[in-house]
Amino acid sequence: MRSPAALRRLAEPIEAAARGLGADGELEVVLERPSDPAHGDFATTVAMRLAAGLRRSPREVAEQLAEHVELGDLDRLHEVAGPGFLNLRVTAAWYGSALAELLAADDRYGSGSAEASERVQVELVSANPTGPIHVGGARNGAYGDAVARLFEFAGHTVEREYYYNDAGRQMERFRASVDAVRRGEAPPEDGYHGAYIAELATLPGDPVQEMLAQIEASLERFRIHVDSWALQSELERELPELLERLDTYEADGAVWLRATAHGADKDYVLIRSAERGGLPTYEAADVVYLRDKLERGFDRVIYVLGADHHGHMQYLKTIASALGYDPDRVEVLIYQLVHLIEHGAAKRASKRRGDVVDLDELLDQIGVDAARWYLVNRGPDQTIDIDVDLARETSEKNQVYYVQYAHARIAGILRNAGAAQPSAELAHEPSSEERGLLKRLVDFPAVVAEATARRGPHAIPVYAIRLADDFHRFYHGHRVLGSAEEGFRLGLCRATQAVIARCLDLVGVEAPDRM
């Protein structure tokens, strides 16, 4: 990961001192912020990592590093603590250089963490077009799109794709349900029900195309632009040719993929027996679709799937191996369920669907910003409970409002600054609030790089709340406009505004200038 220059200016002299002690091989000094500011501005455990190779105690290594390290005018004090921590207390000059770097990078601060740019496809939502997108599919979209935004910010080229089944029994039942209502009849018992079926029945033509148009409109409203749409019916035409490339066999009248030869714990049916209709299975469709993805030249293909598809992860990698591709090019991201809570009780009913709440209904109730925030602010391995009443509040109890308010407050300060300009010039000893805010800003590149590597965009809202906390603490403790430190504090405000805006954008939330 490419560290901010402000941290490299501290880390590189420590690395040089370590080399002088005899450390060899790959060496990276990681600087962390102590939980207690009394222990310094930054600390490193590099001495503990080097001790065994240097055949010395960690404390001894730390003391020798402290003796030889040359940090120049950036160092106010460095000291050894505990079993071998090297603690650093930096000067005002360091804070000035850190702010200068932030202001120069502006809204690109923390970008470009990718070691090499890749062409990445993120397949998201991919619900069958038999009804509006429900809140589970909305979490799929919010999570997948946030991962895509992280990849783009890191320097990759990303395409978002939606794959849908436009043929088969589910689609037959869907069309039959709409046709029944068009004839004035009730949908089949095993068909689809809800007000949206009646709405589709009033429109001419194939209801699948109309449902797809509604899904696309819902996603655009949700700030997810789908670059391409893949149809199962078109891809299945390639299956006969593809079967000749695969290791298959016949048993019980069905065609099986010999997946166990490629690391799977069982084989899979690709073509059902004649007694069961003789049609391709979903597993067969996956084979064709994955081959299609990889043949389009993507270096990495990412599937976003619900928890009920957990076992599918290994199958997709098995397919890649069976087709002769590197299975590491395939990733599967799994997310858990979403529950809506309203007036203290679970919200289950939907006016249109008749079963679960759909995306548009959620957006009508809490807005796009709150929906995007609350569908991403928990790790994908955690179930999400969205408190609808809290999510639509315009108060600091609502997390997204709280962070947006910090951005809007800064925008107001900058509007009122008149001819005064943000600056990194620091002619005073920064206060604890100024130091805390700047160090939080310097954390951002590492936070966003780790969120990208872990496919964990939930780290961004967590960081944004802490950043907003630090800003409000600074704002309430220090005058900005008209103060002797006006230029520097305006610079600190501008840098904070840029990072907050980036955090919000990475999870698909707007950064308003007025609230």
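Residues numbered from 1 in each chain as written. Predicted model: local features only at pLDDT ≥ 70, side-chain atom pairs only at ≥ 80, totals over all residues. Heavy atoms only, no water.

### Side note on the overall build of the protein
- Along the backbone of the protein there are 18 helices and 14 strands.
- Overall size of the protein, expressed as C-alpha extent along the three principal axes, is 80 × 55 × 40 Å.
- Residues counted as buried form 52% of the 515 residues belonging to the protein.
- Long-range pairs, those at least 24 residues apart, make up 69% of the contacts in the protein between residues at least 6 apart in sequence.
- For the protein, the computed accessible surface area is about 22,800 Å², with 47% contributed by carbon and sulfur atoms.
- For the protein, the distance from the average site of its 58 positive side-chain charges to the average site of its 83 negative ones is 3 Å. (Helix = DSSP H or I, 4+ residues; strand = E, 2+ residues; numbered from the N terminus. Buried < 20%, exposed > 50% of the residue type's maximum accessible area, 1.4 Å probe, protein only. Contact = heavy atoms within 4.5 Å. Areas by Shrake-Rupley, 256 points an atom, 1.4 Å probe, with all protein chains shown as cover. Lys, Arg positive; Asp, Glu negative; His and termini not counted. Charge placed at Lys NZ, Arg CZ, Asp CG, Glu CD.)

### Quick look at the pairing of strand 8 (residues 254-257)
- Pairing between strand 7 (residues 248-251) and strand 8: four bridges, direction antiparallel. Its bridge partner lying in strand 8, T248 is registered against L257.
- Connecting the antiparallel pair strand 7 and strand 8 is a turn made up of two residues, with D252 showing a positive phi of about 55°.
- As defined by bridge partners, strand 8 adjoins strand 9 (residues 268-271) across three bridges and the pair is classed as antiparallel. (Pairing = 2+ DSSP bridges.)

### So, the sheet that holds strand 6 (residues 228-231)
- The parallel open sheet is built from five strands, whose spatial order is 6-5-4-10-11. Where the open sheet ends on each side, the last strands, each with one partner, are strand 6 and strand 11 (330-335). With strand direction ignored, the average angle separating the axes of adjacent strands in the sheet is 25°.
- Across four bridges, strand 5 (residues 157-164) lies against strand 6 in parallel orientation. Looking at strand 6, one finds that E161 is bridged to S228.
- On the sheet, helix 8 (residues 207-221) packs against strand 5 and strand 6 and is oriented at approximately 145° with respect to strand 6.
- Lying on the sheet, helix 12 (residues 312-322) is in contact with strand 10 (300-306) and strand 11; it crosses strand 11 at an angle near 170°. (Axes fitted to C-alpha atoms, helices over the stretch in contact; angles between N-to-C directions.)

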